[in-house]
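An overview of the molecular structure
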Amino acid sequence: PDLGDVVKLNTHRASLGFNFVHPSGISLSTTGTYTWQSGDLAVKLPIKSSFWLVDAALNYRLPKRYGFITIGAQNLLNKKFKYFEVDRNNPRIQPARSMFIRLTLALP
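A brief structural summary. What you are looking at is a predicted structure, and each value in this text was computed from that prediction instead of being measured.

Thresholds, definitions, all that
- Residues numbered from 1 in each chain as written.
- Predicted model: local features only at pLDDT ≥ 70, side-chain atom pairs only at ≥ 80, totals over all residues.
- Heavy atoms only, no water.
- Pairing = 2+ DSSP bridges.
- Helix = DSSP H or I, 4+ residues; strand = E, 2+ residues; numbered from the N terminus.
- Axes fitted to C-alpha atoms, helices over the stretch in contact; angles between N-to-C directions.
- Buried < 20%, exposed > 50% of the residue type's maximum accessible area, 1.4 Å probe, protein only.
- Contact = heavy atoms within 4.5 Å.
- Phe/Tyr/Trp six-rings, centres within 6.5 Å; stacked < 30°, edge-to-face > 60°.

A few points about the sheet that holds strand β1 (residues 6-21)
Read across the sheet, five strands follow the order β1-β2-β3-β4-β5 without closing on themselves; strand pairing throughout is antiparallel. Of all strands in the sheet, those bounded by a partner on one side alone are β1 and β5 (98-105). With direction set aside, neighbouring strand axes in the sheet form an average angle of 20°. In the sheet, β1 pairs with strand β2 (residues 26-41) via 15 bridges, with the strands oriented antiparallel.

Re the side chain of Thr 35
Relative to the assigned elements, Thr 35 resides in strand β2. A relative accessible area of 1% means that Thr 35 is categorised as buried. Residues in contact with Thr 35, not counting those within four places in the same chain, are Thr 11, His 12, Arg 13, Ser 49, Ser 50, Phe 51, Tyr 83 and Ile 93.

Quick word on the packing of aromatic side chains
The description of an aromatic ring pair uses the distance of the two centres, along with the angle that the planes make with each other. Evaluated as defined, the whole model comprises four aromatic pairs. Their ring planes at 50° and their centres at 5.4 Å tell us that Tyr 34 and Trp 52 sit as a pair that is tilted. Taken together, the positions of Tyr 34 in strand β2 and Trp 52 in strand β3 (residues 46-61) put the pair 18 residues apart, joining distant regions of the chain. According to the relative accessible area criterion, Tyr 34 is partly exposed, its value standing at 26%.

In structure tokens, the structure reads:
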């Protein structure tokens, strides 16, 4: 349905995370996010869904604190769920597992 078809939509999220940082420059982070959504569409179709998603990342701090190299995954467990995305051009939740590599530089 188009965004104009939404009569009412409530979306709530709560996250719980864990970070482990080792003096060698390696760190691990995991986050579990519980999402629940409810609402109604103009066509009298109710929306009701709740689910957990798990994200994880492994970081390495570059020497002299010049940045990070990160390898991670969103929706790590490839959880299937029903979710009405308000902004389809900028989704906040990944509908399937996605892996990434990121380089973050902090130049002096």
